[in-house]
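Geometric and topological summary
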Amino acid sequence: MSFVAINALEVPDGRREALEERFAARAGEVEQMEGFEAFELLRPLEGSDRYLVYTRWASEAHFRAWTESEQFSRGHARHHADGPAAQHSELWTFEVAQHHAVS
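This write-up is about the structure you can find in this document. A quick note: this is a predicted structure, and the numbers were derived from the prediction, not measured.

Notes on the overall build of the protein
- The secondary structure content of the protein amounts to three helices and four strands.
- Of the contacts formed within the protein by residues at least 6 apart in sequence, a portion of 74% connects residues at least 24 apart.
- Side chains of the protein give 10 positive and 18 negative charges; the mean places of these two sets differ by 3 Å.

Below, the structure written as structure tokens:
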């Protein structure tokens, strides 16, 4: 089964647009990595300031190879004059125990 990594980003109201724009303009390096399966940026609706950055991988080893790669460093190297969009981040990791999808 697949491996899922979710980066939970605390983003204040005034920085949400900046965060979404940065992800829209991202380098796209992750899609080129072996074992990469999916990416989603999840926007909070009510009662939370946490955006979730969801990635799914063929294995934990594939995810770890991404985080240790030159591509990861390039993809996260951008500096912005107006500072970071997120105040805090927390990484959650999961092994997919069950999966069902509409074909």
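More follows now that the structure is in view.
Description of the sheet that holds strand 4 (residues 88–95)
- Strand order across the open sheet formed by four strands is 2-3-1-4, with antiparallel pairing between neighbours. Two strands bound the open sheet, and with one partner strand each, they are strand 2 (36–42) and strand 4. Each neighbouring strand pair of the sheet contributes to a mean axis angle of 15°, computed without reference to strand direction.
- Pairing between strand 1 (residues 3–10) and strand 4: eight bridges, direction antiparallel.

Focus: the packing of aromatic side chains
- The full count for this structure, using the stated rule, is six aromatic pairs.
- Seen in terms of ring centroids, Phe3 and Phe63 are 5.5 Å apart; in terms of plane orientation they differ by 40°. Their pairing is tilted. Residue Phe3 is located in strand 1, and its partner Phe63 is located in helix 2 (residues 60–67); the two are separated by 60 residues in the primary sequence. In this pair, the class of Phe3 matches that of Phe63, namely buried.
- Members of the aromatic cluster, connected to one another through ring pairs, are Phe3, Phe36, Trp57, Phe63, Trp66 and Phe72.

Looking at helix 1 (residues 16–24)
- Every buried residue belonging to helix 1 is among Arg16, Ala18, Leu19 and Arg22, and all of these are buried. End-on view of helix 1: buried residues confined to an arc of 165°, all on one side of the axis. Along helix 1, exposed side chains directed more than 90 degrees from the buried face belong to Glu17 and Ala24.
- Looking at the buried positions of helix 1, the neighbouring elements they touch are strand 1 and strand 3 (50–57).

Thoughts on the environment of Phe36
- The topology assignment puts Phe36 in strand 2.
- With a relative accessible area of 19%, Phe36 lands in the buried category.
- Between the alpha carbons of Phe36 and Thr67 there is a distance of 12 Å; along the sequence they are 31 residues apart.
- If we ignore the near neighbours within four places in the chain, the residues touching Phe36 are Val30, Glu31, Arg56 and Trp57.

Re the nonpolar core
- In terms of nonpolar packing, the biggest core is built from eight residues, these being Phe3, Ala5, Val30, Met33, Phe36, Trp57, Phe63 and Trp66.
- Contributions of two or more residues to this core are made by strand 1 and helix 2.
- The residues touching Ala5, leaving out its near neighbours within four places in the chain, are Val53, Tyr54, Thr55, Phe63, Leu91, Trp92 and Thr93.
- Of all hydrophobic cores here, the second largest spans six residues; its members include Leu9, Val11, Leu19 and Ala85.

So, how was this worked out
Residues numbered from 1 in each chain as written. Predicted model: local features only at pLDDT ≥ 70, side-chain atom pairs only at ≥ 80, totals over all residues. Heavy atoms only, no water. Helix = DSSP H or I, 4+ residues; strand = E, 2+ residues; numbered from the N terminus. Contact = heavy atoms within 4.5 Å. Lys, Arg positive; Asp, Glu negative; His and termini not counted. Charge placed at Lys NZ, Arg CZ, Asp CG, Glu CD. Pairing = 2+ DSSP bridges. Axes fitted to C-alpha atoms, helices over the stretch in contact; angles between N-to-C directions. Phe/Tyr/Trp six-rings, centres within 6.5 Å; stacked < 30°, edge-to-face > 60°. Buried < 20%, exposed > 50% of the residue type's maximum accessible area, 1.4 Å probe, protein only. Arc of directions from axis to C-beta. Core = buried A, V, L, I, M, F, W, Y, C linked by side-chain atoms within 4.5 Å.

Treat this as a map of the structure, not an account of what it does.
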